[in-house]
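Now for the letters of each chain:
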Amino acid sequence: MAGGISLLTATSLRLHAEEAKSPLASRDEYERFFEVSRRLMDREKVHPLIGQALYDTLLSQRAAYRSEINQLHDLLTTKEFSSAAEFAREAEHSDNALKETIHALMHGWYRGVVGQTVVVYRAAAMFALTDDAVFPKTYATARPFYWTEKPPVVETPTAAPALSPSEYVAESQ
């Protein structure tokens, strides 16, 4: 029993130390990241703790993201963009390297993954459309046998891609 208590204490102290570590960016940098993220996702709000974790992970994997996200922010403040697609096209046109930064940023928000690091899973934006009814890959949260009913009709998307095609890279497990 004493061994279990000491293990629990050591684990909680380690977790507390990890929570207390200093962020990798300044408050202004996070705000610029959030502004770029909101515009790219066409959302009014993004979750600040998830955003901070995503940005920190991006920076820890590739330091150039800092300047590229600042470039995206500078572009965002120079012109009024009516949509995320318009902003992404303009960013790619201004500097082709920004295309990969946009991919990494969107991959982080929507899949919750940066590189090979899972930053967030259940709160990833890919689940936003169904978060009021279905939890991702867990258990049924509606009434019994709801899955046997005909689902609502969803219109076929008509939008065109905002960025030019990228090389397909299959993920390894």
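Look up a bit, the structure's there.
Residues numbered from 1 in each chain as written. Predicted model: local features only at pLDDT ≥ 70, side-chain atom pairs only at ≥ 80, totals over all residues. Heavy atoms only, no water.

Concerning the overall build of the protein
Next up, step 1: For the protein, the count of helices and strands is six helices and two strands.
Next up, step 2: When the helices and strands of the protein are listed from N to C terminus, the series reads α-α-α-α-α-α-β-β.
Next up, step 3: Considering the protein as a whole, with its 173 residues, one finds that 28% of them fall into the buried category.
Next up, step 4: Here the contacts in the protein between residues at least 6 apart in sequence split such that 60% fall between residues at least 24 apart.
Next up, step 5: As presented, the protein carries roughly 12,300 Å² of accessible surface, and 58% of it is formed by carbon and sulfur atoms. (Helix = DSSP H or I, 4+ residues; strand = E, 2+ residues; numbered from the N terminus. Buried < 20%, exposed > 50% of the residue type's maximum accessible area, 1.4 Å probe, protein only. Contact = heavy atoms within 4.5 Å. Areas by Shrake-Rupley, 256 points an atom, 1.4 Å probe, with all protein chains shown as cover.)

Things to note about the pattern of salt bridges
Next up, step 1: If you walk through the whole model with that rule in mind, you get five salt bridges.
Next up, step 2: Of the charged contacts in the structure, one is a salt bridge between lysine 99 and glutamate 92, with a shortest N-O distance of 4.0 Å. (Salt bridge = Lys/Arg side-chain N within 4 Å of Asp/Glu carboxyl O.)

Regarding the environment of asparagine 96
Next up, step 1: Relative to the helices and strands, asparagine 96 resides in the loop between helix 5 (84-94) and helix 6 (97-111).
Next up, step 2: You can call asparagine 96 exposed: its relative accessible area is 53%.
Next up, step 3: Asparagine 96 sits 68 residues away from serine 164 along the chain, and the two C-alpha atoms are 10.0 Å apart.

Focus: the packing of aromatic side chains
Next up, step 1: Evaluation of the coordinates by the stated rule reveals six aromatic pairs.
Next up, step 2: Summarising the aromatic geometry, the rings of phenylalanine 33 and phenylalanine 34 are spaced 6.0 Å apart at their centres and angled 55° between planes, so their arrangement reads as tilted.
Next up, step 3: With centroids separated by 5.4 Å and ring planes inclined at 70°, the aromatic side chains of tyrosine 121 and phenylalanine 127 adopt a geometry described as edge-to-face.
Next up, step 4: Here tyrosine 121 falls in the partly exposed class, since its relative accessible area comes to 34%.
Next up, step 5: Grouped by ring-pair contacts, the aromatic residues Tyr30, Phe33, Phe34, Tyr55 and Trp109 constitute a single cluster. (Phe/Tyr/Trp six-rings, centres within 6.5 Å; stacked < 30°, edge-to-face > 60°.)

Re the environment of serine 94
Next up, step 1: Here serine 94 lies in helix 5.
Next up, step 2: Of note is the side chain of serine 94, whose polar atom sits 2.8 Å from the backbone oxygen of alanine 91. (Polar contact = N/O pair within 3.5 Å; in protein donor to acceptor, adjacent residues only side chain to side chain.)

Here we look at helix 5
Residue pairs three or four apart in sequence face the same way in an α-helix, which turns once every 3.6 residues.
Next up, step 1: Inspection of helix 5 places Ala84, Phe87, Ala88, Ala91 and Glu92 among the buried residues, and these make up the whole buried set. Down the axis of helix 5, the sector holding all buried residues measures 130°, keeping them to one side.
Next up, step 2: Close packing links the buried residues of helix 5 with helix 2 (27-41), helix 4 (64-78) and helix 6. (Arc of directions from axis to C-beta.)

A short note on a nonpolar patch on the surface
Next up, step 1: A surface patch of nonpolar side chains, about 270 Å² in accessible area, is lined by Val118, Tyr121 and Met126.
Next up, step 2: If you trace the backbone, tyrosine 121 turns up in the segment after strand 2 (117-118). (Patch = residues over 30% accessible without salt bridge, like charges linked within 9 Å, V, L, I, M, F, W, Y side chains within 5 Å.)

Some words on the packing of helix 2 against helix 3 (residues 48-61)
Next up, step 1: Where helix 2 contacts helix 3, the axes come no closer than 10 Å and their chain directions differ by 105°. Here helix 2 is positioned roughly perpendicular relative to helix 3, judged by the angle of their axes. Each of Glu29, Tyr30, Phe33 and Phe34 in helix 2 lies in contact with helix 3, whose residues at this interface are Pro48, Gly51, Gln52, Leu54, Tyr55, Asp56 and Leu58.
Next up, step 2: Of the residues contributing to the contact of helix 2 with helix 3, the split by class is seven nonpolar, two polar and two charged. (Axes fitted to C-alpha atoms, helices over the stretch in contact; angles between N-to-C directions. Parallel < 35°, antiparallel > 145°, perpendicular 65-115°, else oblique. Nonpolar A, V, L, I, M, F, W, Y, C, P; charged D, E, K, R; others polar.)

What to know about the environment of valine 114
Next up, step 1: As for its placement among the helices and strands, valine 114 is situated in strand 1 (residues 113-114).
Next up, step 2: With a relative accessible area of 4%, valine 114 lands in the buried category.

Some remarks on the nonpolar core
A general trend in soluble globular proteins is that nonpolar side chains are found buried together.
Next up, step 1: By size, the foremost hydrophobic cluster in this structure holds 30 residues, and its most contacted members are Phe33, Phe87 and Trp109.
Next up, step 2: Of all the elements in the fold, those that place two or more residues in this core are helix 2, helix 3, helix 4, helix 5 and helix 6.
Next up, step 3: Per-element accounting of this core gives the leading share, six residues, to helix 2.
Next up, step 4: Non-local contacts of tryptophan 109, meaning those with residues more than four positions away in its chain, are made with Phe33, Ser37, Met41, Val46, His47, Ile50, Gly51, Leu54, Ala124 and Ala125. (Core = buried A, V, L, I, M, F, W, Y, C linked by side-chain atoms within 4.5 Å.)

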